[in-house]
Amino acid sequence: MRVVLSIQGSSDDPYEVVFEREGEVLTGSCTCKAGLFGQICKHRLLLLSGDETYISGSDFVKVRDQLKALVAGSDLEVELDRICELSEMKIEIDSELKKRKKHMAGLLGRSF
């Protein structure tokens, strides 16, 4: 199975993101700068996580279902799940850290 998407990123021209699966092996490429240098780019990660933000000119429900089918049972499924869990934890940690820093600033700014 192969899915080809046009993604609007920071460049004027859309990036092309391609996902392909053979057996349990799922591969993906993106024509953005990070993708061209072999790094994981936000476009591929967000798409695999179900985020439609960057898709241009597609029926996202159909695409989302295709991407879910590609990921299910693939060698990337467990890793993607863990990345999503860690991303959620990071949001919670960042929020708590912000509260604690604000509280500390208040404590440090007290007058005697």
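Summary of the structure given here. (Residues numbered from 1 in each chain as written. Predicted model: local features only at pLDDT ≥ 70, side-chain atom pairs only at ≥ 80, totals over all residues. Heavy atoms only, no water.)

### Observations concerning a nonpolar patch on the surface
And then number 1: Where nonpolar side chains cluster on the molecular surface, the patch consists of Leu86, Met89 and Ile93 and spans about 270 Å² of accessible area.
And then number 2: Mapped onto the elements, Ile93 comes out in helix α4 (residues 77-108). (Patch = residues over 30% accessible without salt bridge, like charges linked within 9 Å, V, L, I, M, F, W, Y side chains within 5 Å. Areas by Shrake-Rupley, 256 points an atom, 1.4 Å probe, with all protein chains shown as cover. Salt bridge = Lys/Arg side-chain N within 4 Å of Asp/Glu carboxyl O. Helix = DSSP H or I, 4+ residues; strand = E, 2+ residues; numbered from the N terminus.)

### Overview of the side chain of His43
And then number 1: Positionally, His43 belongs in helix α2 (residues 42-48).
And then number 2: The exposure class of His43 is buried, given its relative accessible area of 5%.
And then number 3: The residues contacting His43, other than those within four sequence positions of it, are Ile7, Gly9, Tyr15, Val17, Cys30, Cys32 and Tyr54. (Buried < 20%, exposed > 50% of the residue type's maximum accessible area, 1.4 Å probe, protein only. Contact = heavy atoms within 4.5 Å.)

### Comments concerning the side chain of Arg21
And then number 1: Among the secondary structure elements, Arg21 is positioned in strand β2 (residues 15-22).
And then number 2: Put simply, Arg21 is tucked away with no salt bridge, and the nearest opposite charge, on Glu24, sits 6.3 Å away.
And then number 3: A polar atom in the side chain of Arg21 sits 2.7 Å from the backbone oxygen of Leu70.
And then number 4: Apart from the residues within four sequence positions on either side, Arg21 is in contact with Met1, Leu26, Ala69, Leu70, Val71, Ala72, Gly73 and Ser74. (Lys, Arg positive; Asp, Glu negative; His and termini not counted. Polar contact = N/O pair within 3.5 Å; in protein donor to acceptor, adjacent residues only side chain to side chain.)

### Side note on the nonpolar core
And then number 1: Counting 19 residues, the largest nonpolar core has Leu5, Phe19, Leu47 and Leu67 as its most contacted members.
And then number 2: With sequence-adjacent residues up to four places away left out, Leu67 is seen in contact with Val3, Leu5, Phe19 and Leu47. (Core = buried A, V, L, I, M, F, W, Y, C linked by side-chain atoms within 4.5 Å.)

### Quick word on the state of the cysteines
And then number 1: One pass over the full model with this rule turns up zero disulfides.
And then number 2: With no disulfide of its own, Cys30 has Cys32 as its nearest cysteine by sulfur position, at a separation of 3.6 Å.
And then number 3: Of the cysteine sulfurs around Cys41, a residue in no disulfide, the closest is that of Cys32, at 3.8 Å.
And then number 4: Relative accessible area serves as the criterion here: at 3%, Cys41 is assigned to the buried category. (Disulfide = S-S within 2.5 Å.)

### Concerning the sheet that holds strand β3 (residues 25-30)
Strand pairing in a sheet relies on backbone hydrogen bonds. The paired strands run either parallel or antiparallel.
And then number 1: Strand order in the open sheet made by the three strands is β1-β2-β3, with antiparallel pairing throughout. Taken across any chain shown, the strands that pair with only one partner, and hence form the sheet edges, are β1 (2-7) and β3. Recorded for the sheet is a direction-independent mean angle of 15° between the axes of neighbouring strands.
And then number 2: Relative to β3, β2 runs antiparallel, the two being bridged by six bridges. Looking at β3, one finds that Val17 is bridged to Cys30. (Pairing = 2+ DSSP bridges. Axes fitted to C-alpha atoms, helices over the stretch in contact; angles between N-to-C directions.)

### Focus: the pattern of salt bridges
Opposite charge on two side chains permits them to pair, given that their charged atoms come into close proximity.
And then number 1: Applying the stated rule across the entire model yields four salt bridges.
And then number 2: Where Glu20 meets Arg2, a salt bridge forms, and the shortest distance between an N and an O atom there is 3.3 Å. Taken together, the residues Glu20 in strand β2 and Arg2 in strand β1 connect sequence positions 18 residues apart.
And then number 3: Exposure remark for Glu20: the relative accessible area of 30% places this residue in the partly exposed category.
And then number 4: Classification of Arg2 as exposed rests on a relative accessible area of 52%.
And then number 5: A salt bridge links Lys90 to Asp94; its shortest N-O distance comes to 2.7 Å. Placement of both Lys90 and Asp94 in helix α4 is noted, with a separation of four residues, approximately one turn of the helix.

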